[in-house]
Amino acid sequence: ILHKALHPSLNLQYCGYFDTSLLQNILDYTEKLNPQQIRKLFYILGELAFSQRQEDSYIQDDMHMVIRKWLSSTVPKYKQMGIIGAITVAGSMAAKRWGRNRTCQLSFNLLYYCCEQSPEALALYYDELANLIEKQKGNLDSQILERIGKSVVEDFSNDFVVDLTPAVDGVHLFPVKSLYNLDEDESQGTIVINLLPLLSQNWLGKSVDENTTRNQGKKIVSPECLSPSFRLLRLYTTEQHNGSMEEIDALLGCPLHLTDLEIEGNLDSLAKQEREFLCSLLFHSLNWFREVVNAFCQQQDLEMKGKVLTRLQNITELQNMLRKCLAASPGYVPPRAIFDCEALEAAPTINAVGLVKKKKTGEKKQKSEGSKDSSADHSQMEENPEGNQPEAETTQLEKDTTEKKSGIPLVQLQSYRAFFRELDLEVFTILHCGLLTKSILDSEMHTEAREIVQLGPAELVFLLDDLCQKLEHILIPPAAKRAPFLKVSCRKIGFSHLCQRSSQEVAQCAVELLKPLCNHMENMHNYFQALMTENQGVVDGPRVNIQEHQLMSSCYQQLLQAFRFLFAWSGFSQRENSDLLRSALKVLADRLKPGETGFLLLEDLISESFHYLLNFQHSVPNFQCALTLTQLLIVIAEKPVASWKKDKIASLAKQFLCQSWMQLSGTREKGSQFSDALHTLLCVYMEHTDNILKAVEDISSVGVPELINSANDGYSSTYPTLTRQTFPVFFQVMMAQLENSARSISAGKPSDSSEVQLEKLLHWNMAVRDFHILVNLVKVFDSRPVLSICLKYGRLFVEAFLKLAMPLLDYSFKKHREDVQSLLKTLQLSTRQLHHMCGHSKIHQDLGLTNHVPLLKKSLEQFVYRVKAMLAFNHCQEAFWVGILKNRDLQGEEILSQDSEENDPGEGVSQLPREDPAEVFLYTAAVPIAFMVPEHPWWYSS
């Protein structure tokens, strides 16, 4: 439909298919659409309605009727839909090719009248007008554009801008102070953004003045409209002056009316209303600076570039203050900054710092007590299924050194994304900046001094974090597909402007940023290489600046993530984007061979890019960066995969697993984030190694014994990432990969040659041997997570053996009798230990463990009788004996029950000699083969 609406020749033909009932049904369905879908719908209807045919006027009438109904509604959702629909349709009328100036002007006047008494509606009106100007660059009628511009200039000047004076009249919650002035000369009538007085007036007289103003039909001036109004003003200015911002450049350096913000230690002494007012003031200030950066980021004047970098520094400073204020204001809901979503959708998800800190202290105490003996360590692992420390503990300890020093808790701002204005993609052109010189002028406008301004680590982290969020949102598809025409999810909040661009446009912008991103990443590499050389490889050396180290680590992590999100874009596999992929790879290859990559084939470009990124392996500062670098190399290697690249990735992953990762506090990395990253990297290693069974055996027979022989807080010397806290992670990955590897062995066929049968038997022999080693580790590491993993994957391994290995044994028993006997003997030891685990679960009556027992016992019994069938197939059924296997715990002690004492085995079941069932194994072919079956079958209910 959109394609037909954009082509007038098709437009005339397509309009004939629309009748009143169909259009009405479409409009009635709009309640289920999100704002982006409403924009598309009314854009299509507007293009169809305002064609050159008079017969299409009924579409116009129906649209105007629905829009007027929505605009007059008191329900915010309907008014929001009305504003979006009205401006989208008015944009179709305001296009140069239609020439309906008077009708369009009347529509804008009506729309403004319906919005001026509601700050949120007026803010949405400003934002939608700004989107219209940005989308219709050069296509809007000049008279309409002039009228919009005249209105917004008057509104912005009258509502938010005042002259800078020594004193500010009025009663306010805090003393007014002018801050963040970049124009040092104040003698020539400097302007100031009147933020605090306006917010104070709005805060103190909210309930009375707003109702009075509405009754009088007057416009309500709210600080919520400051940023949207300025966005509209700057887009109008760039449209009128071909991108130049000189007309409003005073707004870049002008100060704000705020208050003294050096009150960090006095937050507890403020009243709740004062703390929340201060939070709102900081949110509005941050959003103002974000829009200022959006507006002036592309200006080429060096003076303006220096001021933009200074504004970025102001943003990072204010964010630190805001995090402290939010921590002292639990339950506070910030003012809205994004107006094309429902208010409830944008509610923050955290703000209980006091409770988190209290819980953290208790958990630390438990940990210190648990290190005294192994039993406490097991109980701690049982409380946390993965055996990890809480995530809040790691993030609060490691990411915020200022919190350590001052004792003031900090709130992470990621969950408040919906309350910040969106940064445009053009902002990231700032990443091209190196050192800039800012001139300080005297009263006669002569250069008095020069100040060097540069993009610091804090500002770089701020930009890279936002860039990564945008790339992930657009280029990486969500995990689960959502049905169309459903409500917009929280995932889309904060990306309204970005979603109006295609993924190809975003990828193109990211490719253009690759050169500065490479420069920054090489700077990170050189920084950490020099730091390790200076401190002789010690991370927590005395000369390390902890705060700077953490900022640089965050920069490194975000840079690697940005590369990974870009090259993981599925659009690169499409033919139309092959040139874009070549351009991206050429940037990386040029870093190794400058000027020599112009005529390289795609595979050669991939190889050079892979080697360029591989050079960063020796400077990654933490385990998370190591994982991200590995994932990035995998993404590059997949275009296409070569065997040598697979070996390189496996070798790199093992190198990271065999490396000691220390925190700046001197302790080993830990916590849920570390465990998740460790799990992922282990899977990468197992999936890329040429022999999974050998890798599992190496870890279980070398690394784990080293861990067992170490102290309670020790680790494996070969695999330093293997500790008692991370053992469940290693165990789960090894069991899962072992089971997957077993399933990859093809089933035996009668037509297989003797050599093929022997090769498969060797594979199964290695798999069963690894399985036996892992199952017996439960005797040492008997925590609940380990037991649960063993019961789950033990059953899956036995099922795989029954399905794939037993057909092989059927046809190879006669030729390779000793190999088959050895294989079954080893596996029977493992199945007996699994049966002991079932008894252990029965004793402790743990529902999470006993849920695995029935299916596992069923598989164990199937194994016994399947072996009997194999012997019968080879005419050795007389060699099969069955006895009763007693229920035992993990240590082999018999579990006595009333049923086992009273009930005797039924007739027809042969009794074995007085040997301990645990000592009865498989015998040679001349001696009968003995198997033990459980005392109670798998369906027996205890």
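Quick caveat: nothing in here was measured; it's all calculated off a predicted structure. (Residues numbered from 1 in each chain as written. Predicted model: local features only at pLDDT ≥ 70, side-chain atom pairs only at ≥ 80, totals over all residues. Heavy atoms only, no water.)

So, about the overall build of the protein chain. The helix and strand tally for the protein chain stands at 36 helices and eight strands. A buried classification covers 53% of the 942 residues belonging to the protein chain. Sequence separation of 24 or more characterises 77% of the internal contacts of the protein chain that already satisfy a separation of 6 or more. Put simply, the protein chain shows about 43200 Å² of open surface, and 51% of that area lies on carbon and sulfur atoms. (Helix = DSSP H or I, 4+ residues; strand = E, 2+ residues; numbered from the N terminus. Buried < 20%, exposed > 50% of the residue type's maximum accessible area, 1.4 Å probe, protein only. Contact = heavy atoms within 4.5 Å. Areas by Shrake-Rupley, 256 points an atom, 1.4 Å probe, with all protein chains shown as cover.)

Time to look at the confidence of the model for the protein chain. Per-residue confidence for the protein chain averages 79 on the pLDDT scale, and 75% of its residues sit at or above 70. The low-confidence segment residues 8-17, where pLDDT is below 50, has 18 contacts with residues more than four positions distant or belonging to other chains. Throughout residues 441-445 the model reports pLDDT below 50, and contacts reaching past four residues in sequence, or to other chains, amount to five contacts. (pLDDT = per-residue confidence, 0-100.)

Attention now moves to the packing of helix H32 (residues 784-812) against helix H35 (residues 853-873). Two numbers describe how H32 lies on H35: the axes approach to 9 Å, and their chain directions differ by 10°. As the angle between them shows, H32 and H35 are arranged roughly parallel. Counted together, Leu-791, Gly-794, Arg-795, Val-798, Glu-799, Phe-801, Leu-802, Met-806, Pro-807, Leu-809, Asp-810 and Tyr-811 of H32 and Leu-855, Leu-856, Ser-859, Leu-860, Gln-862, Phe-863, Arg-866, Val-867, Met-870 and Phe-873 of H35 form the full contact between these two elements. Here the residues of the contact of H32 with H35 sort into 15 nonpolar, three polar and four charged. (Axes fitted to C-alpha atoms, helices over the stretch in contact; angles between N-to-C directions. Parallel < 35°, antiparallel > 145°, perpendicular 65-115°, else oblique. Nonpolar A, V, L, I, M, F, W, Y, C, P; charged D, E, K, R; others polar.)

Of all residues except glycine, most have a negative phi; of all peptide bonds, most are trans. The backbone of Tyr-180 shows a phi angle near 60°, a positive value even though the residue is not glycine. Mapped onto the elements of the fold, Tyr-180 is located in the loop between strand S2 (177-179) and strand S3 (191-193). The phi dihedral of Gln-845 falls on the positive side, at around 50°, and the residue is not glycine. Relative to the elements of secondary structure, Gln-845 occurs in the loop between helix H33 (817-844) and helix H34 (847-850). What makes Gln-845 exposed here is its relative accessible area of 68%.

Take Glu-422: it is sitting in the loop between helix H19 (401-406) and strand S5 (435-441). Judged by its relative accessible area of 8%, Glu-422 falls in the buried class. The spacing of Glu-422 and Phe-495 is 73 residues in sequence and 6.8 Å in space, taken between C-alpha atoms. In terms of polar contacts, Glu-422 uses its side chain to reach the backbone amide nitrogen of Leu-498, at 2.9 Å. (Polar contact = N/O pair within 3.5 Å; in protein donor to acceptor, adjacent residues only side chain to side chain.)

This brings us to helix H23 (residues 546-567). Within an α-helix, residues lying three or four positions from one another point in the same direction, as the helix has 3.6 residues per turn. Over its 22 residues, H23 runs 32 Å from end to end, which matches the ideal 32 Å to within 8%, given 1.5 Å per residue. Within H23, 17 of the 22 residues are buried, which leaves it mostly tucked inside the rest of the structure. With a side-chain oxygen lying 3.3 Å from the backbone nitrogen of Gln-547, the N-terminal cap of H23 falls on Asn-545. (Expected span 1.5 Å × (residues − 1).)

Within the largest apolar cluster, 261 residues are counted, with the highest numbers of intra-cluster contacts made by Tyr-125, Ile-430, Phe-567, Trp-764 and Phe-801. Looking at this core element by element, the count peaks at 16 residues for H32. Dropping the residues within four chain positions of it, Phe-567 is found in contact with Leu-514, Phe-572, Ala-584, Leu-585, Leu-588, Leu-632, Val-635, Ile-636 and Lys-639. (Core = buried A, V, L, I, M, F, W, Y, C linked by side-chain atoms within 4.5 Å.)

What follows is about the pattern of salt bridges. Tallied over the entire structure, the rule returns 19 salt bridges. For the salt bridge of Asp-424 with Arg-234, the shortest nitrogen-to-oxygen distance reads 2.6 Å. Taken as a pair, Asp-424 in the loop between H19 and S5 and Arg-234 in helix H12 (residues 226-240) lie far apart in primary sequence, 190 residues in all. For the pair Asp-424 and Arg-234, a shared accessibility class is recorded, and that class is buried. Two residues, Glu-739 and Arg-743, come together in a salt bridge whose shortest N-O distance is 2.2 Å. With a gap of four residues between them, Glu-739 and Arg-743 both fall in helix H30 (residues 727-743), about one helical turn apart. Judged by relative accessible area, Arg-743 falls into the partly exposed class, the value being 36%. Members of the salt-bridge network, linked through shared partners, are Glu-134, Arg-231, Arg-234 and Asp-424. (Salt bridge = Lys/Arg side-chain N within 4 Å of Asp/Glu carboxyl O.)

To continue, consider the packing of aromatic side chains. Applying the stated criterion across every chain, the model contains 30 aromatic pairs. With centroids separated by 6.3 Å and ring planes inclined at 50°, the aromatic side chains of Tyr-416 and Phe-419 adopt a geometry described as tilted. Relative accessible area serves as the criterion here: at 0%, Tyr-416 is assigned to the buried category. Considering the side-chain rings of Tyr-612 and Phe-616, the 5.3 Å spacing of their centres and the 90° angle between planes classify their relative orientation as edge-to-face. Assigned by exposure class, Tyr-612 and Phe-616 land together as buried. The positively charged end of Lys-135 is found above the aromatic ring belonging to Tyr-43, 4.5 Å away from the centroid. When the ring centre of Tyr-715 is taken as reference, the NZ or CZ atom of Arg-668 above it lies at 3.5 Å. (Phe/Tyr/Trp six-rings, centres within 6.5 Å; stacked < 30°, edge-to-face > 60°. Lys NZ or Arg CZ within 6 Å of the ring centre and 35° of its normal.)

This part takes up helix H8 (residues 119-135). Under the 1.5 Å per step criterion, the end-to-end length of H8 is 24 Å for 17 residues, consistent within 8% with the ideal 24 Å. Where burial is concerned, most of H8 is hidden: 14 out of the 17 residues are buried.

Turning our attention to the packing of helix H31 (residues 754-776) against H32. Here H31 crosses H32 at 155°, and the two axes come no closer than 11 Å. Overall, the two elements H31 and H32 adopt an arrangement that is roughly antiparallel. Here H31 runs over H32; the crossing is left-handed. Seen from H31, the contacting residues are Gln-757, Lys-760, Leu-761, Trp-764, Ala-767, Val-768, Phe-771 and Val-775; seen from H32, they are Cys-790, Gly-794, Phe-797, Ala-800, Phe-801, Leu-804, Ala-805, Leu-808, Leu-809, Tyr-811 and Ser-812. (Left-handed = near helix turned anticlockwise from the far one by under 90°.)

Let us look at the environment of Asp-713. In this fold, Asp-713 is placed in the loop between helix H29 (692-708) and H30. On a C-alpha basis, the gap between Asp-713 and Thr-723 in space is 7.5 Å, while along the polypeptide they are 10 residues apart.

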